[in-house]
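The lines below spell out each chain.
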Amino acid sequence: MAGTEIRSNRNNSGVLYVISAPSGAGKTTLCRQLLKKNPDIKLSVSYTTRQPRRGERNHVDYTFISKARFVKMIDKGEFAEWATVHGNLYGTSIKRLKELNRAGYDILLDIDTHGAMQLKKRYANAVYIFILPPSVEVLEERLVKRKTDSKDVIAKRLDNAKSEIPYYKDYDYIVVNDRLDRAYKELECIIISSRLSTSKVDPNRIKKLYKIK
Ligand code: 5GP
């Protein structure tokens, strides 16, 4: 089927999906669902100096490294972007992005706003998606219900959220996560439409298929 042929001959660079959100917006749940349902999208596993949480696996959730090693990687220019988030260092490896791209995958980057803004300079064609909670009241309610943080930490997370939300303007798409099923559908629509973009089709393939010059 011609449509299939065009689809399977997207120009060879995969799409980078960069997703950011204030904490408590539901980004992790949405990203997990997206990865589970779309085996052709792989997570860019970040490097971090933070301690692993219970259940987290090295090289699957993050690659956990020392601060000294992280600084060495910065010095060697190994990160496409890096940032300090809640006192810990996080970074995206250029090598990992290249490997995933070469293997034909689209790549999901779950990173903070500072990292995303750095990436914009390097990867202008990436798709930048911002997840928002429906309101600051709902965000607070979610953080309280999670029961993972003390009152002080919740207050800090809310403050952080308020300083991150204005960055929405620098993203291509906004998803308001009021209901998870709807937010997920919207996220999937963004993925589908970005894949249908003219820039994702190999012009030589079109010429060959339709016998045009
Ligand atoms: P957590 O420690 O809760 O997994 O993540 C904290 C924050 O760090 C999240 O907002 C997450 O998106 C962000 N983050 C994770 N990996 C990276 C990365 O490689 N670069 C940047 N800039 N932020 C990251």
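Below, the structure is looked at part by part. Remember, predicted model here, so these are calculated numbers, not experimental data. (Residues numbered from 1 in each chain as written. Predicted model: local features only at pLDDT ≥ 70, side-chain atom pairs only at ≥ 80, totals over all residues. Heavy atoms only, no water.)

Side note on unusual backbone geometry
Defined as follows: Helix and strand assignments come from DSSP, with helices taken as H or I runs of at least 4 residues and strands as E runs of at least 2, each series counted from the N terminus. Summary of the burial criterion: residues with accessible area below 20% of their type's maximum are buried, those above 50% are exposed, and those between are partly exposed, where the area comes from a 1.4 Å probe applied to protein chains only.
A positive phi angle, near 45°, is found at histidine 86, a position not held by glycine. Positionally, histidine 86 belongs in the loop between strand E5 (79-85) and strand E6 (88-93). Given a relative accessible area of 45%, histidine 86 falls into the partly exposed group. Residue lysine 211 is not a glycine yet carries a positive backbone phi of 50°. Tracing the sequence through the fold places lysine 211 in the segment after helix H9 (203-210). Judged by relative accessible area, which is 72%, lysine 211 ranks as exposed.

Observations concerning the site of the ligand
Counted only if it meets this: By convention in this text, a residue qualifies as near a molecule or strand provided that one of its non-hydrogen atoms is within 4 Å of it. Polar contacts here mean pairs of N or O atoms no more than 3.5 Å apart (in protein, one a potential hydrogen donor and the other a potential acceptor; neighbouring residues in sequence count only if both atoms are side-chain atoms). Here the Shrake-Rupley method, with its probe set to 1.4 Å, supplies the accessible areas, and only the displayed protein chains count as covering residues. Gly falls in the polar group here, along with every residue not listed as nonpolar (Ala, Val, Leu, Ile, Met, Phe, Trp, Tyr, Cys, Pro) or charged (Asp, Glu, Lys, Arg).
For the ligand, the set of nearby residues contains 15 residues, the closest of which are Lys27, Arg50, Tyr62, Tyr90 and Asp110. Tyrosine 90 places a polar side-chain atom, nitrogen or oxygen, 2.4 Å from an oxygen atom of the ligand. Aspartate 112 is positioned with one of its side-chain polar atoms (N or O) 2.7 Å from a nitrogen atom of the ligand. Alone, the ligand offers 520 Å² of accessible surface; in the complex the protein occludes 87% of this. Counting residues per element, the ones that place at least two in the shell around the ligand are E5 and E6. Counted by class, the shell around the ligand contains five nonpolar, four polar and six charged residues.

Brief notes about the nonpolar core
To be explicit about the condition: To define a nonpolar core, start from buried Ala, Val, Leu, Ile, Met, Phe, Trp, Tyr and Cys residues and group those joined through side-chain atoms within 4.5 Å. Every residue pair with non-hydrogen atoms within 4.5 Å of one another is taken to be in contact.
Among the nonpolar cores identified, the biggest contains 19 residues, and Tyr17, Ile19, Leu34, Leu108, Ile129 and Ile131 are the most heavily contacted of them. Mapped onto this core, the elements with two or more residues apiece are strand E1 (16-20), helix H2 (27-37), strand E8 (127-132) and helix H8 (180-195). Here the element with the most residues in this core is H8; it accounts for five residues. Not counting chain neighbours up to four residues away, the residues in contact with leucine 34 comprise Ile41, Leu108, Tyr184, Leu187, Glu188 and Ile191. Leu100, Met117, Leu119 and Phe130 belong to the second largest nonpolar core, which has 17 residues in total.

Quick word on the packing of H2 against H8
How two helices sit against one another is set out by the angle between their axes and by the gap between those axes. Note the following rule: Orientation is described by axes fitted as lines to C-alpha atoms, over the contacting stretch for helices, and by angles from 0 to 180 degrees between their N-to-C directions. Here the angle decides the label: under 35 degrees means roughly parallel, over 145 means roughly antiparallel, 65 to 115 means roughly perpendicular, and every other value means oblique. In this scheme the crossing of two helices becomes right-handed for a clockwise turn of the near helix relative to the far one and left-handed for an anticlockwise turn of less than a right angle.
Two elements in contact, H2 and H8, have axes whose closest approach is 10 Å; the angle formed by their N-to-C orientations is 55°. In terms of axis orientation, H2 runs oblique to H8. Considering how the two elements wind past one another, H2 and H8 form a crossing that is right-handed. For the pair H2 and H8, contact is made by Thr29, Leu30, Gln33, Leu34 and Lys37 and by Leu180, Ala183, Tyr184, Leu187, Glu188 and Ile191, respectively. Residue composition of the contact of H2 with H8, grouped by class: seven nonpolar, two polar and two charged.

Comments concerning the sheet that holds strand E2 (residues 41-43)
Sheet strands pair by backbone hydrogen bonding; their relative direction is either parallel or antiparallel. Stated formally: In this analysis, strands are considered paired if DSSP registers two or more bridges between them.
Taken together, the five strands give an open sheet; going across it, the order is E2-E7-E1-E8-E9, and neighbouring strands pair in parallel fashion. In this open sheet, the two edge strands, each paired with only one partner strand, are E2 and strand E9 (173-176). For this sheet the average axis-to-axis angle between neighbouring strands, irrespective of direction, equals 25°. Judged from the four bridges that link them, E1 and E8 form a sheet pairing that is parallel. By the bridge assignment for E8, isoleucine 19 is matched with isoleucine 129. Running over the sheet, H8 touches E1, E2, strand E7 (106-110), E8 and E9 and is turned about 160° from E9.

By themselves these figures say nothing about function.
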